[in-house]
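One letter stands for each residue in the lines below.
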Amino acid sequence: MKVLLIEDNPDHAFFERQALERELDASVTAELRPDEGLRRLREDDFDVVVLDYHLPGEDGLDVLRQIKAARSDLPVIVI
């Protein structure tokens, strides 16, 4: 499973990545900025996105809308 993690807090990203890799045996790509996450989404194929709701300068719902506009079939977990 390939997971794209968009989480602005480096400490949270570290622990979330470890948990996803350990518990789901997932390959996790973590991006700290929403624009980098969206760029990565266009460049690679992911099975799911884990999205932080509280992002600096952006509303998590706006990022969710952009993800769904790019890949409407992609599951997104908002945390």
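I will try to describe carefully the structure that is included in this document.

Reading guide: rules and limits
- Counting from 1, residues in each chain are numbered in the order their sequence is written.
- Restriction of local features to residues with pLDDT of at least 70 applies here, the model being predicted, together with a cutoff of 80 or more for giving and counting side-chain atom pairs; totals for whole chains, interfaces and linings are based on all residues.
- The side-chain figures draw on all heavy atoms in the structure; neither hydrogens nor water molecules are used.
- Per the convention used, a helix needs a DSSP run of H or I reaching at least four residues, while a strand needs a run of E reaching at least two, with both numbered from the N terminus.
- Only C-alpha atoms enter the radius of gyration, while the globule expectation follows 2.2 Å times N to the 0.38, with N the number of residues.
- Remark: exposure states derive from per-residue accessible area (1.4 Å probe, protein chains only) relative to the maximum for the residue type, with buried under 20%, exposed over 50%, and partly exposed in between.
- Any two residues whose heavy atoms approach within 4.5 Å are treated as being in contact.
- The protein chains shown are the only cover counted for residues, whose accessible areas, like all others here, come from Shrake-Rupley with a 1.4 Å probe.
- We treat Lys and Arg as the positive residues and Asp and Glu as the negative residues; His and chain ends play no part in the count.
- To locate a charge, the coordinates of NZ of Lys, CZ of Arg, CG of Asp or CD of Glu are taken.
- In this description, strands pair whenever DSSP reports at least two bridges between them.
- Among buried residues, those of type Ala, Val, Leu, Ile, Met, Phe, Trp, Tyr and Cys that are joined through side-chain atoms within 4.5 Å constitute a nonpolar core.
- The term salt bridge refers to a side-chain nitrogen of Lys or Arg lying within 4 Å of a carboxyl oxygen of Asp or Glu.
- Two N or O atoms count as a polar contact when they lie within 3.5 Å, although within protein this holds only if one can serve as hydrogen donor and the other as acceptor, and sequence-adjacent residues are included solely when both atoms are side-chain atoms.
- Only Phe, Tyr and Trp rings take part, Trp by its six-membered ring, and two of them pair if their centres are within 6.5 Å. Stacked means planes under 30 degrees apart, edge-to-face means over 60, and tilted covers everything else.
- Over a ring means this: the NZ of a Lys or the CZ of an Arg is within 6 Å of the ring centre and within 35 degrees of the ring normal.

### Observations regarding the overall build of the protein chain
- The helix and strand inventory of the protein chain stands at three helices and six strands.
- Reading the protein chain from its N terminus to its C terminus gives the helix and strand order β-α-β-α-β-β-β-α-β.
- For the protein chain, whose C-alpha radius of gyration is 11 Å, the value lies close to the compact-globule estimate of 12 Å for 79 residues.
- Taken along the three principal axes of its C-alpha coordinates, the protein chain extends 30 × 25 × 20 Å.
- Within the protein chain, the proportion of its 79 residues that are buried is 34%.
- Of all intrachain contacts in the protein chain linking residues separated by at least 6 positions in sequence, the fraction that spans at least 24 positions is 65%.
- For the protein chain, the computed accessible surface area is about 4700 Å², with 51% contributed by carbon and sulfur atoms.
- Of the charged side chains in the protein chain, 10 are positive and 19 negative; the average position of the first set lies 4 Å away from that of the second.

### Some remarks on the pairing of strand β1 (residues 2–6)
- Taking burial as the measure, the five residues of β1 include four buried ones, the bulk of the element.
- Judged from the five bridges that link them, β1 and strand β2 (residues 27–31) form a sheet pairing that is parallel. Considered in β2, the bridge of K2 is made with S27.
- As paired strands, β1 and strand β3 (residues 48–51) are joined by four bridges and run parallel to one another. Bridge pairing in β3 links I6 to L51.

### Looking at the nonpolar core
- The biggest cluster of nonpolar side chains holds eleven residues, and these are L4, I6, L38, L41, F46, V49, L51, L55, V63, I67 and L74.
- Secondary-structure elements contributing two or more residues to this core are β1, α2 (34–43), β3 and α3 (60–70).
- If we skip the residues at most four places from it in the chain, L4 touches T29, E31, G37, R40, L41, F46, V48, V49 and V50.
- Grouped together as the second largest cluster of nonpolar side chains are eight residues, A13, L20, A26 and V48 included.

### Some thoughts on unusual backbone geometry
- The backbone phi angle of D25 is positive, close to 50°, even though this residue is not glycine.
- Structurally, D25 can be placed in the loop between α1 (10–24) and β2.

### Things to note about the side chain of D52
- For D52, the position within the fold is in the loop between β3 and β4 (54–55).
- Buried D52, no salt bridge; nearest opposite-charge side chain is R33, N-O distance 13 Å.
- Among the polar contacts listed, one links the side chain of D52 to the backbone nitrogen of H54, at a separation of 3.2 Å.
- Every residue in contact with D52, bar those within four places of it in the chain, is listed here: I6, E7, D8, G60 and I79.

### Points about the packing of aromatic side chains
- Inspection of the entire model under this criterion finds one aromatic pair.
- One residue, K2, lies across the ring of F46, its end atom 5.5 Å from the ring centre.

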